[in-house]
Amino acid sequence: MKLTGAQVLFEALQKENVDTIFGFPGGAVLDIFDELYRRKIRNILVRHEQGAIHAADGYARVSGKVGVCLVTSGPGATNTVTGIANAFMDSIPVVVLTGQVATSLIGGDAFQEVDITGITRPCTKHNFLVRRIDDLGRIVREAFHIARSGRPGPVLIDIPKDITKSLIEDNDISWTLSLPNNNKKVSIEDACAKALDMIRQAERPLVISGGGVLLGRAWDELRTFVKLLNVPITSTLMGLGAFPASDPHWLGMPGMHGTYYANMAISNCDLLIALGVRFDDRVTSKLDAFAPHAKVLHVDIDPASIDKFVKTNLSIASDCKPVLQLLNKWISDKSFTMPEKQTKAWLEQIQKWKEFAPLTYCQSDKIKPQYVVETLYRLTEGKAIISTEVGQNQMWAAQFYHFDYPNSFITSGGLGTMGYGFPAAIGAQVARPDKVVVDIAGDGSIQMNIQELATAVNYDLPVKIVILNNGFLGMVRQWQELFYGKRYSHSNINNVPDFVKLAEAYGAVGLRATRPEEVEATLRKGLDVAKTVIMDFHVEPEEGVYPMVSPGAAISDMVLRK
Amino acid sequence: MEVKENTISILVNNRPDVLARIAGTFSGRGFNIESISANITRNPEITRIVITTLGNRETVIKLEKQLTKIIDVLEVKDLTRANAACREMVLVRMKLTDANQVKIMQTVDTLKGKIVNMDVDTCILEVTGGKKDIDDALAFLDKMGMDDFTRTGVVAVERQK
Ligand SMILES: Cc1ncc(C[n+]2csc(CCOP(=O)(O)OP(=O)(O)O)c2C)c(N)n1
Ligand SMILES: [Mg+2]
């Protein structure tokens, strides 16, 4: 039997168990969309290709599966670039299918031609231009394999239009991967034995866990590890939820807007056990003042993350899961004890730091954004999936929604992409129809992909958007307040538009609260309707995110409040 | 740490975009390419690329790790410390005059070079050698009426497997 390229593509997607994609059509992918018309696979039709890629990314984060998006050539492809870079920075497995002009036209500046493999080379884990229909099946399988194996990441496949139309005998399709095997098996036993020795000698141990623990699905092992050792733990923005925020061992997030006690713990520990982190500069700030007294034990699947900035004393280039499993086994086999006496003073010291500067804010007669997040946490019992935009809203969400569950926080960590949160929430809701999904948004960021309201309404996705509306590009304003003499250059966005009317125009529900007393009722109402809802909270315009480490300062050098 | 020239050998799948990926890794991650040479190996589907780059030991290790992440890269080896034979080649076009002709012939002999082309008023010399040999040869020939030259990147092979 003969198959078209478009058919081969869907056969390949089926082999990867893809049941949902996020796409937007155009000339170069007409044959693919025509085939889609006949298939069971579900396409969520977005309103902008950036929405498609972020939705696929959000879908991947909560489902643990590879997210897929399908767009046309030229502008369709370039519209995905921000989202690809976003997924690349956060190591999220997505496969991006882009249409391309016919093979015979490539290189000739054809209509809607763009060299998308060239453009995305530095921000994909790998990309392919399909040159022959014979390669298509194999390439799709390789793309999925690359996207999810090792350190995950985005993979793009550029498919010329003629290939989607041309025919191949089904027996001639090769599905076999032919990838070089670069993942040398590392033996972790010796390193783990050394790690145990380091742990045994520590008087002031601290765990720092990151996104790698979530990507490697090692949260149970992490929880066991921390409890067995009775050590304090801090988790980076990307790692929130891997360890329950309500557990007394947890110190909150480290770094620029981390907690005082997490940063003090890092600055004073004598052993830093770093699991699935890459030491972003928003975490470390001034490098030579980061964990200055600590031996560093670093476990990360990507060897290139090790010794990149923070020098390690012992490193294990491995997935966190097997390492933690082995350590836990040895520890619980009682071949190991860490004398309680040894760490007693340290745990007491941490308790004092916690009491000295807890995360807090002051109520006033205006709505405090932190109060909105806290109330949302209470009403959803901490069980919602929270996405965020970028800016103050993102930091308040990370600080005041206490994440107890893995894969319940989706945020643009590495790239800091305004406009990420809402489409990502759509992807999350598609993956988890049973969950309450809330985008904690800023009034600036939400306008960057607001068109996706149409998508949410069309597919009856009851995503909730909580806008912390401060009338400002708030994070920019905060820096201008602190470091640029309060010259608010182009950061005032003047409370435009009217988000309630905007929601209604799209067929969503719009609610507004302007006073603290209205916050709870508004949230209850918004959470109760099974519809797409915008809740517009007019918050204190000049509230700041604290504590804060000034750029370039040591993380122990924190401004605690305004 | 000491900054010096490092010779790195990279085995890659012979695909159209692989050189772009490698060049992009250098430029995007702030490394520099001093010289480059590439050609197929015994297995024509595999290409060996030899790149020289300036940096200290730490940068070279970081670079190796980043290069290894490229899917089509099969092996990265730092030949600087691997006791490898490293050679370059240069083709030099000389202006010929009655005055310099004899001297040029003598120089070709001392450099163990070759004359690969001879015209009435120009000739082309071929010289191979280590980096320093080539530097010296060029400095010398420059004084004798050198018109232009093209120099290859380093090719290198380990002395022992
Ligand atoms: C696409 C993009 N453009 C610009 C920025 C720079 N930036 C970071 S935070 C911020 C302000 C965001 O404003 P808003 O969404 O209202 O959030 P707030 O800080 O007020 O909560 C800006 C402009 C960015 N992160 N992303
Ligand atoms: Mg704002």
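Treat the numbers as computed from the prediction; the structure is a model and nothing was measured.

Rules used in this analysis
- Residues numbered from 1 in each chain as written.
- Chains lettered and ligands numbered in written order.
- Predicted model: local features only at pLDDT ≥ 70, side-chain atom pairs only at ≥ 80, totals over all residues.
- Heavy atoms only, no water.
- Contact = heavy atoms within 4.5 Å.
- Buried area = accessible area lost by both parts, 1.4 Å probe.
- Salt bridge = Lys/Arg side-chain N within 4 Å of Asp/Glu carboxyl O.
- Polar contact = N/O pair within 3.5 Å; in protein donor to acceptor, adjacent residues only side chain to side chain.
- Helix = DSSP H or I, 4+ residues; strand = E, 2+ residues; numbered from the N terminus.
- Nonpolar A, V, L, I, M, F, W, Y, C, P; charged D, E, K, R; others polar.
- Buried < 20%, exposed > 50% of the residue type's maximum accessible area, 1.4 Å probe, protein only.
- Arc of directions from axis to C-beta.
- Disulfide = S-S within 2.5 Å.
- Domains from an automatic or database assignment.
- Near = heavy atom within 4 Å.

Observations regarding the interface of chain B and chain A
Opposite the 16 residues of chain B that make contact, chain A presents 17 residues. Looking at the side of chain B facing chain A, the largest losses of area belong to Arg21, Lys65 and Ile71 of chain B, adding up to 42% of the total buried there. With a closest N to O distance of 2.6 Å, Asp302 of chain A and Lys69 of chain B form a salt bridge. Counting every contact that joins chain B to chain A gives five residue pairs in polar contact (both at pLDDT 80 or more). Counting residues per element, the ones that place at least two in the side of chain B that touches chain A are α1 (18–28), α2 (57–68) and β4 (73–78) of chain B. Class assignment of the residues belonging to the side of chain B that touches chain A gives a composition of six nonpolar, three polar and seven charged.

Here we look at helix α2 (residues 30–37) of chain A
Residue and element names in this part refer to chain A. Within α2, burial applies to Ile32, Phe33, Glu35 and Leu36. One side of α2 holds all its buried residues, which, seen down the axis, span an arc of 160°. Tucked into the core, α2 has its buried residues touching α1 (5–15), β2 (20–23), β3 (42–45), β4 (67–71), β7 (154–160) and α8 (161–165).

A word on the state of the cysteines
In the structure shown here, the tally under the stated rule is zero disulfides over all chains. Lacking any disulfide linkage, Cys123 of chain A is separated from the closest cysteine sulfur, that of Cys69 of chain A, by 12 Å.

Digging into unusual backbone geometry
All names here are of chain A. Between Val496 and the following residue, Pro497, the backbone shows a cis peptide bond with an omega angle of 0°. Considering the arrangement of structural elements, one finds Pro497 in the loop between α20 (474–483) and α21 (499–505). A positive phi angle is found at Asn230, which is not glycine, with a value near 55°. Asn230 sits in the partly exposed class, given a relative accessible area of 32%. Residues other than glycine seldom take positive phi values, yet Asn494 does so here, at roughly 55°. Note on placement: Asn494 falls in the loop between α20 and α21.

Notes on the domain arrangement of chain A
Residues and elements named next belong to chain A. Parsing chain A into structural domains produces domain 1 (2–172), domain 2 (189–356) and domain 3 (369–546). Averaged C-alpha coordinates put domain 1 and domain 2 at centres separated by 38 Å. It is Met89, Asp90 and Arg151 that lose the most area in domain 1 upon contact with domain 2, and together they represent 58% of the buried surface on that side. Counting the contacts that link domain 1 with domain 2 gives one salt bridge. With a shortest N-O distance of 2.7 Å, Asp302 and Arg151 are connected by a salt bridge. Across the domain 1-domain 2 interface, the total number found is two residue pairs in polar contact (both at pLDDT 80 or more).

Topic: the site of ligand 1
Residue and element names in this part refer to chain A. Near ligand 1, the surroundings consist of 17 residues, among which Gln392, Asp443, Gly444, Ser445 and Gly474 are the closest. Interatomic distance of 2.8 Å between a backbone N/O atom of Gly416 and a nitrogen atom of ligand 1. In the model, an oxygen atom of ligand 1 is placed 2.6 Å from a nitrogen or oxygen of the Ser445 side chain. If you tally residues by element for the shell around ligand 1, the top one is α20, at three residues. Residue composition of the shell around ligand 1, by class: seven nonpolar, nine polar and one charged.

Overview of the pattern of salt bridges
Counted by the stated rule, this structure contains 47 salt bridges over all chains. One salt bridge connects Asp135 of chain A with Arg138 of chain A, and the closest N-O pair in it is separated by 3.4 Å. Of this pair, Asp135 of chain A and Arg138 of chain A both sit in helix α7 (residues 133–148), three residues apart, which is roughly one turn of that helix. Here Asp135 of chain A matches Arg138 of chain A in class, with each residue buried. For Asp147 of chain B, the salt bridge is made with Arg93 of chain B, and the minimal N-O distance between the two is 3.0 Å. Linking Asp147 of chain B in strand β8 (residues 146–151) with Arg93 of chain B in strand β5 (residues 84–95), this pair joins segments that are 54 residues apart in sequence. Overall, Asp147 of chain B belongs to the partly exposed group, its relative accessible area being 35%. A residue is classified by how much of its surface remains accessible, and Arg93 of chain B, at 35% relative accessible area, is partly exposed.

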